[in-house]
Amino acid sequence: NDDYNLGKYTNNKISILSIDGITDNNVKEILIEKIKKIDIDSVTDSGSLKHLLVKESKTIFPTIMTTERPDKVCDSLLEGKTVIIVDNSPFALIMPVFLNDFFISEDDKDAKYMNNSLIRILRYIAFFITLMTPALYIAVTTFNQEMLPLEFLISFASQRSSVPFPAFFEALLMILSFEILRESDLRIPNVSTSALSIVGALILGEAAVNAGIVSPVMIIVEAVTAISALLFTEPELINAIKWYRLLFMIGATTIGMYGVFIVFIFFTTNLCSINSFGKPYTIPFAPLSISGIKNSIIKFPLKKRTKRNEYLTNNIVRKVNHE
């Protein structure tokens with residue numbers, strides 16, 4: 001590991017961890033160059049350092065992962081990634097990271113590969129549900145009613161007949177209400193968190209429907225959207241989802257499904273243009289990495305994953321002894 005001291009007044013020690021023969025030295029050199037350029041009064045935790053390392057990034061998606069788990073750090077090092085730890089901070093920084101890394105939990109290795117593959121598929125489905133469900137609801141109820149069966153169309157029309165707001169403001173109101181409840185859950189003591197959030201959601205939802213402010217189907221749409229978002233724990237990823245969810249809603253409320261498709265194209269091209277310390281953010285899907293695909297949406301058995309990601313390290317052979 002390489003040690004440096006940062007902070008004019010704190011002089012805090014940081015360490016760059018890597019494994020000789022596995023770690024990509026290009027990433028390590030980029031980090032060392034950025035760290036040497038940092039001139040700041042204090043670096044008290046890894047969060048401060050994280051923002052200094054990605055200050056030139058123009059994406060809202062996270063390109064550095066934070067973790068408190070030693071096993072996550074070890075597995076990342078063995079994959080060829082670089083880790084930074086800061087003295088007196090419980091969080092380690094892992095880089096480079098890719099979008100697929102946020103769909104993989106360290107607890108996955110305890111489950112059988114078939115069961116774990118199903119869970120990962122559900123995570124990807126939940127990602128698109130929380131991203132696009134409000135926009136799709138706005139599009140089909142505002143512009144593209146012909147996409148709905150007649151029974152659904154009649155049901156939606158009858159429910160929205162007493163709602164004075166357009167579908168966009170209806171969805172925005174419910175999203176803001178949920179975000180306020182979610183933020184209050186994070187701030188109040190854990191003893192009363194569950195009770196207050198449940199009571200708040202029930203009272204607000206029931207009162208809003210009875211008052212004709214929102215339709216019952218909008219409550220369902222927002223509930224599905226919010227529950228799907230709970231599968232992700234990285235704060236930066238959650239915030240990125242919120243911004244793009246709003247963009248999808250704006251696209252849907254302007255020209256319907258065409259707007260959703262346009263925003264989706266923008267979303268996809270933006271993902272493909274992101275670099276995480278010189279590495280494409282959409283690995284292992286684009287560019288395609290066969291070894292990485294085996295531990296992405298579908299998890300292959302451990303004995304089948306005998307190679308590391310070739311975009312992370314030159315030492316791609318992983319020893320897996322089995323009968």
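Please refer to the structure placed before this passage.
Engineer: Hey, could you go over the sheet that holds strand E3 (residues 65–67) for me, with residue numbers and the actual values?
Structural biologist: What the 5 strands build is an open sheet, ordered E1-E2-E4-E5-E3; its pairing is antiparallel. Edge positions in the sheet fall to strand E1 (2–6) and E3, since each of these pairs with one other strand and no more. Neighbour to neighbour, the strand axes of the sheet diverge by 25° on average, direction disregarded. Here E3 pairs with strand E5 (residues 92–95) via 3 bridges, running antiparallel. Within E5, the residue paired with Met65 across the bridge is Ile94. Lying on the sheet, helix H2 (residues 46–53) is in contact with E1, strand E2 (12–17), E3, strand E4 (82–86) and E5; it crosses E5 at an angle near 25°.

Engineer: Tell me about the pairing of E2, residues and numbers included.
Structural biologist: Counting buried residues in E2 gives 5 out of 6 residues, a clear majority hidden from the surface. Bridging between E1 and E2 involves 5 bridges; their strand directions are antiparallel. Pairing of Asn5 across the sheet is with Lys13, part of E2. Direction of pairing for E2 relative to E4: antiparallel, over a ladder of 4 bridges. Note that in E4 the partner of Ile14 across the bridge is Val86.

Engineer: Could you give me a rundown of the packing of helix H9 (residues 235–255) against helix H10 (residues 257–273), with the residues and numbers involved?
Structural biologist: Packing of H9 against H10 brings their axes to within 6 Å, and their N-to-C directions diverge by 150°. When the interaxial angle is binned, H9 and H10 end up roughly antiparallel. For H9 against H10, the interelement crossing comes out right-handed. Contacts between H9 and H10 involve Tyr244, Leu247, Phe248, Gly251, Ala252 and Ile255 from the former and Met257, Tyr258, Gly259, Val260, Ile262, Val263, Phe264, Phe266, Phe267 and Asn270 from the latter. The residue inventory of the contact of H9 with H10, partitioned by class, reads 13 nonpolar, 3 polar and no charged.

Engineer: Kindly report on the nonpolar core, identifying the contributing residues and their values.
Structural biologist: Soluble, globular proteins show a tendency: their nonpolar side chains are buried together. One finds Phe61, Leu131, Ile138, Phe248 and Phe267 to be the most contacted residues of the largest nonpolar core, which totals 49 residues. Only helix H3 (70–79), E5, helix H4 (113–142), helix H6 (167–187), helix H8 (216–229), H9 and H10 provide two or more residues apiece to this core. For this core, the element with the most residues is H4, which contributes 9 residues. Among the nonpolar cores identified, the runner-up in size contains 17 residues, and Leu6, Ile35, Val43 and Met95 belong to it.

Engineer: Can you break down the environment of Glu179 residue by residue, with the values?
Structural biologist: Position of Glu179 among the secondary structure elements: in helix H6. Once residues lying within four places of it in the same chain are set aside, the contact partners of Glu179 are Lys242 and Arg245.

Engineer: Break down unusual backbone geometry for me, with residues and values.
Structural biologist: The omega torsion across Met95 and Pro96 is -5°, close enough to zero to call that bond cis. Within the element layout of this structure, Pro96 appears in the loop between E5 and H4. Following Ala286, the chain continues to Pro287 via a peptide bond in cis, the omega torsion being 0°. One can find Pro287 in the loop between strand E7 (279–280) and helix H11 (290–293). At Asn11, a residue that is not glycine, the phi angle is positive and equals roughly 50°.

Engineer: So what about H2? Which residues, and what values?
Structural biologist: Ser46, Leu49, Lys50 and Leu53 are the residues of H2 that are buried. The buried side chains of H2 occupy one side of the element, clustering within an arc of 105° when seen end-on.

Engineer: Which residues make up the environment of Glu222, and what values go with them?
Structural biologist: Looking at the element boundaries, Glu222 is found in helix H8. On a C-alpha basis, the gap between Glu222 and Ile175 in space is 6.8 Å, while along the polypeptide they are 47 residues apart. In contact with Glu222, not counting residues within four places along its chain, are Met174, Ile175 and Phe178.

Engineer: Tell me about the packing of aromatic side chains, and name the residues and values.
Structural biologist: Following the criterion strictly, the structure yields 15 aromatic pairs and no others. Ring plane angle 75° and centroid distance 5.3 Å describe the contact between Phe103 and Phe127, whose orientation is recorded as edge-to-face. Here Phe127 lies in helix H4 and Phe103 lies in the loop between E5 and H4, a separation of 24 residues in the sequence. Of the two residues, Phe103 and Phe127, neither departs from the other in class, the shared state being buried.

Engineer: Any details on H6? Residues and values, ideally.
Structural biologist: Helix length check: H6, at 21 residues, gives a terminal C-alpha distance of 31 Å against a target of 30 Å (1.5 Å per residue), a fit within 8%. Listing the buried residues of H6 in full gives Ala167, Phe168, Glu170, Ala171, Met174, Ile175, Glu179 and Leu181. For H6, the angular spread of buried residues about the axis comes to 165°, placing them on one side. Away from its buried face, by an angle of more than 90 degrees, H6 presents the exposed residues Ile180 and Arg187.

Thresholds, definitions, all that
- Residues numbered from 1 in each chain as written.
- Predicted model: local features only at pLDDT ≥ 70, side-chain atom pairs only at ≥ 80, totals over all residues.
- Heavy atoms only, no water.
- Pairing = 2+ DSSP bridges.
- Helix = DSSP H or I, 4+ residues; strand = E, 2+ residues; numbered from the N terminus.
- Axes fitted to C-alpha atoms, helices over the stretch in contact; angles between N-to-C directions.
- Contact = heavy atoms within 4.5 Å.
- Buried < 20%, exposed > 50% of the residue type's maximum accessible area, 1.4 Å probe, protein only.
- Parallel < 35°, antiparallel > 145°, perpendicular 65-115°, else oblique.
- Left-handed = near helix turned anticlockwise from the far one by under 90°.
- Nonpolar A, V, L, I, M, F, W, Y, C, P; charged D, E, K, R; others polar.
- Core = buried A, V, L, I, M, F, W, Y, C linked by side-chain atoms within 4.5 Å.
- Arc of directions from axis to C-beta.
- Phe/Tyr/Trp six-rings, centres within 6.5 Å; stacked < 30°, edge-to-face > 60°.
- Expected span 1.5 Å × (residues − 1).

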